[in-house]
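Topology and contacts: notes
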Amino acid sequence: MKIVHVEAIPLMARPQKPLRMPQTVIDAFYTTVVRIETDEGVTGVGECIVRKSPDVTKTIVEQMFAPLLLGRDPLDVEGIWHTLFDSQRLRGHISGFFMEALSGVDMALWDILGRHFGLPIGKLMGGCDRKQVPVYASSIMLNEQHVMEREAEMLLERGFRAIKIKVGFGLERDVSNLKAIRGVVGWDVGLMADANSSYRTDRAVMLGRRLEELGYRWLEEPVLPDDSEGYRKLSEKLDITLAAGESEFSVFGVKTLIEEGLIGMVQPDVSRCGGYTESRRIAHLAQIHHIPYAPHTGFSSAICLFASMQLAAWAPNFDSFEYMYIDNPLLHIMQEDIPEVHDGVLQIPQGVGLGAQLNEELIERYRIDR
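Presented here is a report on the structure given in the accompanying data block. Because the structure is a prediction, the values reported are computed rather than measured.

1. A short note on helix α9 (residues 251-259)
Buried residues of α9: Val251, Gly253, Val254, Leu257 and Ile258, and no others. Seen from one end, α9 has its buried residues packed into an arc of 155 degrees, which puts them on one side. Taken together, the buried residues of α9 touch α8 (228-237), β10 (241-244), β11 (265-266) and α10 (275-288). Phi turns positive one or two residues past the end of α9, at Gly261, with a value near 70 degrees.

2. A word on the packing of aromatic side chains
Using the criterion set out here, one finds 7 aromatic pairs in the structure. An angle of 55 degrees between the planes, with centres 5.5 Å apart, marks the rings of Phe29 and Phe299 as tilted. Here Phe299 lies in the loop between α10 and α11 (302-314) and Phe29 lies in strand β4 (residues 29-38), a separation of 270 residues in the sequence. Of the two residues examined, Phe29 and Phe299, each falls in the buried class. With 6.0 Å between their ring centres and 55 degrees between their planes, Trp110 and Tyr276 make a pair best called tilted. Linking Trp110 in helix α3 (residues 97-117) with Tyr276 in helix α10, this pair joins segments that are 166 residues apart in sequence. Aromatic ring contacts, followed pair by pair, group Phe65, Trp81, Phe85 and Phe98 into a single cluster. Lying over the aromatic face of Phe169, Arg173 brings its terminal NZ or CZ to 3.6 Å of the ring centre.

3. Overview of the side chain of Ser138
Assignment of secondary structure puts Ser138 in strand β6 (residues 132-140). In this structure the side chain of Ser138 is engaged in a polar contact, spanning 2.5 Å, whose partner is the side chain of Ser139. In this view, Ser138 contacts Lys164, Glu322, Tyr323, Met324, Tyr325 and Ile326; residues no more than four positions away in its chain are not counted.

4. Focus: the sheet that holds strand β1 (residues 3-13)
Read from one edge of the open sheet, 3 strands run β1-β4-β5, paired in antiparallel fashion. Edge positions in the open sheet fall to β1 and β5 (43-50), since each of these has one partner strand only. Taking each pair of neighbouring strands and ignoring which way they run, the sheet shows an average axis angle of 20 degrees. As paired elements, β1 and β4 share 10 bridges and run antiparallel to each other. Pairing of Ala13 across the sheet is with Phe29, part of β4. Here α3 sits on the sheet in contact with β1, β4 and β5, set at roughly 155 degrees to β5.

5. Let's talk about the pattern of salt bridges
A full pass over the atoms with the stated rule returns 27 salt bridges. With a closest N to O distance of 3.8 Å, Glu7 and Arg367 form a salt bridge. With Glu7 in strand β1 and Arg367 in the segment after α12 (360-366), this pair connects stretches of sequence that are 360 residues apart. Take Arg367: its relative accessible area is 13%, and that puts it in the buried class.

About the thresholds
- Each residue is numbered by its place in its chain's sequence as written, counting from 1.
- Confidence filtering applies because this is a predicted model: local features only for residues at pLDDT of at least 70, side-chain atom pairs given and counted only at 80 or more, and all residues used for totals across whole chains, interfaces and linings.
- The side-chain figures draw on all heavy atoms in the structure; neither hydrogens nor water molecules are used.
- Each residue gets one of three labels from its accessible area relative to the maximum for its type: buried under 20%, exposed over 50%, partly exposed in between, using a 1.4 Å probe on protein chains only.
- The secondary structure listing takes helices from DSSP runs of H or I that are at least 4 residues long and strands from runs of E that are at least 2 residues long, numbered from the N terminus.
- An arc is given here, and it is the one of the directions from the helix axis to the C-beta atoms.
- Pairs of residues are marked as contacts when any of their non-hydrogen atoms sit within 4.5 Å.
- Aromatic contacts are taken between Phe, Tyr and Trp rings whose centres are within 6.5 Å, Trp giving its six-membered ring; a plane angle under 30 degrees counts as stacked, one over 60 as edge-to-face, and the others as tilted.
- The rule is short: NZ of Lys or CZ of Arg within 6 Å of the ring centre and within 35 degrees of the ring normal puts a charge over the ring.
- For the purposes of these results, a polar contact is taken to be a pair of N or O atoms within 3.5 Å, where, inside protein, one atom must be able to donate a hydrogen and its partner to accept one; residues adjacent in sequence count only when each atom of the pair is a side-chain atom.
- By definition, two strands form a pair when at least two bridges between them are found by DSSP.
- Between N-to-C directions, angles span 0 to 180 degrees; the directions come from axes that are lines fitted to C-alpha atoms, helices contributing only their stretch in contact.
- Basic side-chain nitrogens of Lys or Arg form a salt bridge, by our definition, when they fall within 4 Å of a carboxyl oxygen of Asp or Glu.

Put into structure tokens, the structure is as follows:
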């Protein structure tokens, strides 16, 4: 079997209302879909995470990677990964847009692998073969307190038993919101806080101490991703688990956070960190340091969610699945719906490869390169 065609498709869709994050407002969702075709009619799809300008990853995939992919046997997944990685590593690139583009290619190759052998990727990887996993709702966005409280109530009604809340208004207002939501959901519901790197270390310490009093499970990305000294100070002063891996996503950066004991939860994103091949390495690195793994999904499309479900089924140190419930039209670009949550649990799709197929009508609706 040989690779005969490589295509990258940039997509954009808008939510009904803009979403407020700690340091920005989201009024559009972007992604780059990768499609790889073989001479035996087996096609795989993947996703490159995109925050802005999907044409960047499209260009990397089609102009830098495609010439190295054409004619290769797609079953040589790890060998191809190293070919692509080394093509730029030796020129000074080990992260950033380059790695995000590589993620989509690697995911598509694993999808081909699963379809070729007639197995879900999670089963193909030979892991724990979970059929269902615990989830947490992500995320209650920044808003007026009464709106955030009402959102928490709605999530309980939908069957969630764990919820993540954004922070970033500032210490006093954030603590007020976090305390109010704890009051709404009670103490039997798991709560997490995500700062998206919006705090300075000293204020993050104060926030972390209040979170400990309120029984929150973890504080996610409290400081800038490259501030290892900030993580060190926080890990020394706080008992609450620190989570990271979404923004410091190269295996080399995550390696420092894990091996130096600076975080207690690792959260790589399969559409950003280098695909399945690198996600597995990061999860294994965390495992040997007794650190649990909770794959990040964020504002990506349904492709990333289906891919991450397979990782959740596989990983021996899996903790919980980030279930994005927000208004994102790109969550519906597969023919199959993302499974509903029942009593805090998600059923893992058992179809071959990613477990779902692209909805070509919606791909055409949202593509922006016509």
